[in-house]
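# Architecture at a glance
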Amino acid sequence: TIGEWQKAISAYRIILDKWGDSGLEAQTIFDIAFCYFRDKKYEKAIEMFEKALPMLADKEQQAETQYWIGESYFGLENYEAAVRELLKVGYNYPDFTQWSASAELRAGEAYFNLGKFDKARRIYKKLISKYGKFSNWGKEAAKRLEKM
């Protein structure tokens with residue numbers, strides 16, 4: 001719930017204020033970043049996700065972290081940066097379909113919001129081709145193409 005997220009953010013702020021973020025484990029930094037994201041404090045979320053990313057050993061969690069960086073820029077309505085960061089997911093972590101396909105869908109939406117309809121169409125067509133028209137990502141991409 002929102003109240004629980006706000007409590008978590010308050011607790012993390014106390015930790016950060018008292019001890020700073022040096023010495024924190026990657027998972028804790030990721031958790032703090034996600035709390036900031038949930039609280040729509042996107043600048044702080046980006047800062048903490050970017051700090052966690054090189055510290056994470058698990059490649060899938062790296063893919064997820066990169067995705068949330070892109071989502072944070074999307075939340076700021078900085079769609080150019082969102083596209084750049086979201087497309088890094090598929091490029092750097094192609095084996096993690098959940099994150100790479102979701103990131104490509106969101107990048108298509110960011111292109112649409114920028115008025116770059118040809119680029120949005122290309123991404124949606126690529127998703128359908130890559131994952132099939134009956135996959136969740138293919139179905140969503142097809143819906144978005146129809147709306148265009």
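Scroll up to find the structure.
Here's a quick rundown of the structure.

Rules of the game
- Residue numbers run consecutively from 1 along every chain, following the written order of its sequence.
- Reporting of local features is limited, given that this is a predicted model, to residues whose pLDDT is at least 70; pairs of side-chain atoms are given and counted only at 80 or more, and all residues count toward the totals for whole chains, interfaces and linings.
- Excluded from the side-chain calculations are hydrogens and water; all other atoms, namely the structure's heavy atoms, are used.
- Each helix corresponds to a stretch of at least 4 residues labelled H or I by DSSP, and each strand to a stretch of at least 2 residues labelled E; elements are numbered beginning at the N terminus.
- Each residue is assigned to one of three classes by its accessible area relative to the maximum for its type, calculated with a 1.4 Å probe on protein chains only: buried under 20%, partly exposed between the two thresholds, exposed over 50%.
- Only heavy atoms matter for contacts: two residues are in contact if any of them lie within 4.5 Å across the pair.
- Using a 1.4 Å probe, the Shrake-Rupley method yields the accessible areas, and only the shown protein chains count as cover for residues.
- A carboxyl oxygen of Asp or Glu within 4 Å of a side-chain nitrogen of Lys or Arg is what we treat as a salt bridge.
- Note on ring pairs: Phe, Tyr and Trp rings are taken, using the six-membered ring of Trp, and paired if centres are within 6.5 Å. Classes follow the plane angle, with under 30 degrees stacked, over 60 edge-to-face and the rest tilted.
- By convention a nonpolar core is built from buried Ala, Val, Leu, Ile, Met, Phe, Trp, Tyr and Cys residues, the set being connected through side-chain atoms within 4.5 Å.
- A helix is expected to reach a length of 1.5 Å times the quantity of its residues less one.

### Thoughts on the overall build of the chain
The helix and strand tally for the chain stands at eight helices and zero strands. Ordered by position from the N terminus, the helices and strands of the chain form the series α-α-α-α-α-α-α-α. Counting the 148 residues in the chain, one finds 41% classified as buried. Contacts in the chain between residues at least 24 apart in sequence constitute 50% of all its contacts with a sequence separation of at least 6. Carbon and sulfur atoms make up 50% of the accessible area of the chain, which amounts to about 8,400 Å² in all.

### Points about the pattern of salt bridges
Any two side chains of opposite charge can pair if their charged atoms end up close together. Going through the model one piece at a time under the given rule, you end up with 13 salt bridges. Put simply, Glu71, Arg106, Glu109, Glu140, Lys143 and Arg144 are held in one network by salt bridges that share partners.

### Some words on the packing of aromatic side chains
A full pass over the atoms with the stated rule returns 12 aromatic pairs. Summarising the aromatic geometry, the rings of Phe34 and Phe37 are spaced 6.1 Å apart at their centres and angled 25° between planes, so their arrangement reads as stacked. Of this pair, Phe34 and Phe37 both sit in helix 2 (residues 26-38), three residues apart, which is roughly one turn of that helix. Under the relative-accessibility criterion, Phe34 is labelled buried at 17%. The class of Phe37 is buried, set by a relative accessible area of 13%. Ring geometry for Trp68 versus Trp99: centroids 6.4 Å apart, planes at 65°, classification edge-to-face.

### Notes on the nonpolar core
By size, the foremost hydrophobic cluster in this structure holds 40 residues, and its most contacted members are Phe37, Phe49, Tyr67, Trp68, Tyr124 and Leu127. Of all the secondary structure elements, the ones that give two or more residues to this core are helix 2, helix 3 (42-52), helix 4 (59-75), helix 5 (79-92), helix 6 (97-113) and helix 7 (117-131). What Tyr124 contacts, discounting residues up to four positions off in sequence, is Leu105, Gly108, Glu109, Ala141, Arg144, Leu145 and Met148.

### Quick word on helix 5
For helix 5, spanning 14 residues, the distance from its first C-alpha to its last is 20 Å, which sits close to the expected 20 Å at 1.5 Å a residue. Buried within helix 5 we find Tyr79, Ala81, Ala82, Val83, Glu85, Leu86, Val89 and Gly90. Elements in contact with the buried residues of helix 5: helix 4 and helix 6.

### Details of the side chain of Ser100
As for its placement among the helices and strands, Ser100 is situated in helix 6. In contact with Ser100, other than residues within four places in its own chain, are Val89, Gly90, Tyr93, Pro94 and Tyr131.

### Some details on helix 2
With 13 residues, helix 2 ought to run about 18 Å at 1.5 Å a step, and its terminal C-alpha atoms sit 18 Å apart, in line with that. Along helix 2, the positions that sit buried rather than exposed are Ala26, Ile29, Phe30, Ile32, Ala33, Phe34, Cys35, Tyr36 and Phe37. Two residues or fewer past helix 2, Lys40 is found with a positive phi of approximately 60°.

### With respect to unusual backbone geometry
In this model, Lys40 sits at a positive phi of 60°, which is unusual for a non-glycine residue. Structurally, Lys40 can be placed in the loop between helix 2 and helix 3. Residues other than glycine seldom take positive phi values, yet Glu77 does so here, at roughly 60°. The topology assignment puts Glu77 in the loop between helix 4 and helix 5.

Keep in mind these numbers describe shape, not what the thing actually does.
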